[in-house]
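# An overview of the molecular structure
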Amino acid sequence: MSVKTTHLPIIDKKFRKPKCKLLSRVQCSHGVSQYENMRLLNIMICDQNNKGWPVGHLITNSMTSVSVGLFFKAIKTRIESYGQCFNINCVITDDDSSLINGINDVMRSEIKHILCQWHLDNSFKDNIRSKCDRNKFDIIYTDLKAVVLSKTIEEFDKLVSGFTTKHKDETIFLDYLNSYYMHRREKWAMCFRKDLKHGNVHTLWSLFTTD
């Protein structure tokens, strides 16, 4: 396992300003070297201008909650060695539980965690294609996207009810939604993010740009 931290004391000072919103983007990638089974974990944080800053990189052949925890512990120790606090308001990841579990273990608390909309969208598309009538892809995807983008909890509940009724024949897909997502709606439905101070960042890629 290899750990590298980059400009941590400099970056951390940016988030001591009143208007800063500290968000961590955690992305895991495959095929990053000539060695098989090696994975790369990148940590980006968002400043007050919605710009992403790289603060840490982990290369490992075992991406578990234990290895992720050791990685974040190294970052935490590095920041605290400069007399600064390591605080995270929110974490965006793909739907890999080892990432958020490892972070929570180090922080000794349950950090606000939301799912990357890009990964969520691709997962929904793949499962609609594999579990639903092919001829209904467009309408099912459009209706589900409306659920994701709902602006209020009341609208969300209404759209979910309508989606379930309208597509009641797609039992396999509905079972998939209920099993994997409906009990975690606050992680992916946009209506649960409106009061979240995370710089209007909803995907792992958007920290490379400004709104």
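Before going into details, it helps to say that this report is about the structure given with it. Bear in mind that the values here come from a model prediction, so they are computed numbers and not experimental data.

### Quick word on the overall build of the protein chain
Across its full length, the protein chain holds seven helices and six strands. A total of 211 residues make up the protein chain; the buried ones form 47% of that total. If you take every contact in the protein chain between residues at least 6 apart in sequence, the share linking residues at least 24 apart comes to 61%. Approximately 11,700 Å² of the protein chain is accessible, and the part contributed by carbon and sulfur atoms is 51%.

### Points about the packing of helix H2 (residues 65-80) against helix H3 (residues 97-107)
It is the contact of H2 with H3, at a shortest axis distance of 7 Å, that shows an interaxial angle of 45 degrees. If you check the angle between H2 and H3, you find them oblique. Judged by the sense of rotation from one axis to the other, the crossing of H2 with H3 is right-handed. When H2 is examined against H3, the residues Ser65, Val68, Gly69, Phe72, Lys73 and Lys76 are found in contact with a partner set consisting of Ser98, Leu99, Asn101, Gly102, Ile103 and Val106.

### Brief notes about the pattern of salt bridges
According to the stated counting rule, one finds nine salt bridges in the structure shown. A salt bridge links Lys125 to Asp121; its shortest N-O distance comes to 3.4 Å. In this pair, Lys125 and Asp121 are both assigned in helix H4 (residues 117-131), four residues apart and thus about one turn of the helix distant. Residues participating in the shared-partner salt-bridge network are Asp121, Lys125 and Lys145.

### Topic: the packing of H4 against helix H7 (residues 171-180)
A pair of packed helices can be characterised by two numbers: the angle between their axes and the separation between those axes. In contact at an axis separation of 9 Å, H4 and H7 are set at 150 degrees when each is read in the N-to-C sense. Relative to H7, H4 is oriented roughly antiparallel. Along this stretch, H4 crosses H7, giving a crossing that reads as right-handed. Residue-level contacts link Ser123, Phe124, Asn127, Ile128 and Lys131 of H4 to Ile172, Phe173, Tyr176 and Leu177 of H7. Looking at the contact of H4 with H7 residue by residue, the classes come out as six nonpolar, two polar and one charged.

### Points about the side chain of Glu170
By the element assignment, Glu170 lies in the loop between helix H6 (153-166) and H7. Given a relative accessible area of 9%, Glu170 falls into the buried group. Ignoring sequence-local partners within four residues, the contact set of Glu170 consists of Lys131, Cys132, Asp133, Lys136 and Ile140.

### Thoughts on the environment of Met107
Within the secondary structure, Met107 sits in helix H3. Separated by 20 residues in the primary sequence, Met107 and Asn87 place their C-alpha atoms 8.3 Å from one another. Aside from chain neighbours lying at most four places away, what touches Met107 is Phe86, Asn87 and Ile88.

Definitions and limits used
- Residues numbered from 1 in each chain as written.
- Predicted model: local features only at pLDDT ≥ 70, side-chain atom pairs only at ≥ 80, totals over all residues.
- Heavy atoms only, no water.
- Helix = DSSP H or I, 4+ residues; strand = E, 2+ residues; numbered from the N terminus.
- Buried < 20%, exposed > 50% of the residue type's maximum accessible area, 1.4 Å probe, protein only.
- Contact = heavy atoms within 4.5 Å.
- Areas by Shrake-Rupley, 256 points an atom, 1.4 Å probe, with all protein chains shown as cover.
- Axes fitted to C-alpha atoms, helices over the stretch in contact; angles between N-to-C directions.
- Parallel < 35°, antiparallel > 145°, perpendicular 65-115°, else oblique.
- Left-handed = near helix turned anticlockwise from the far one by under 90°.
- Salt bridge = Lys/Arg side-chain N within 4 Å of Asp/Glu carboxyl O.
- Nonpolar A, V, L, I, M, F, W, Y, C, P; charged D, E, K, R; others polar.

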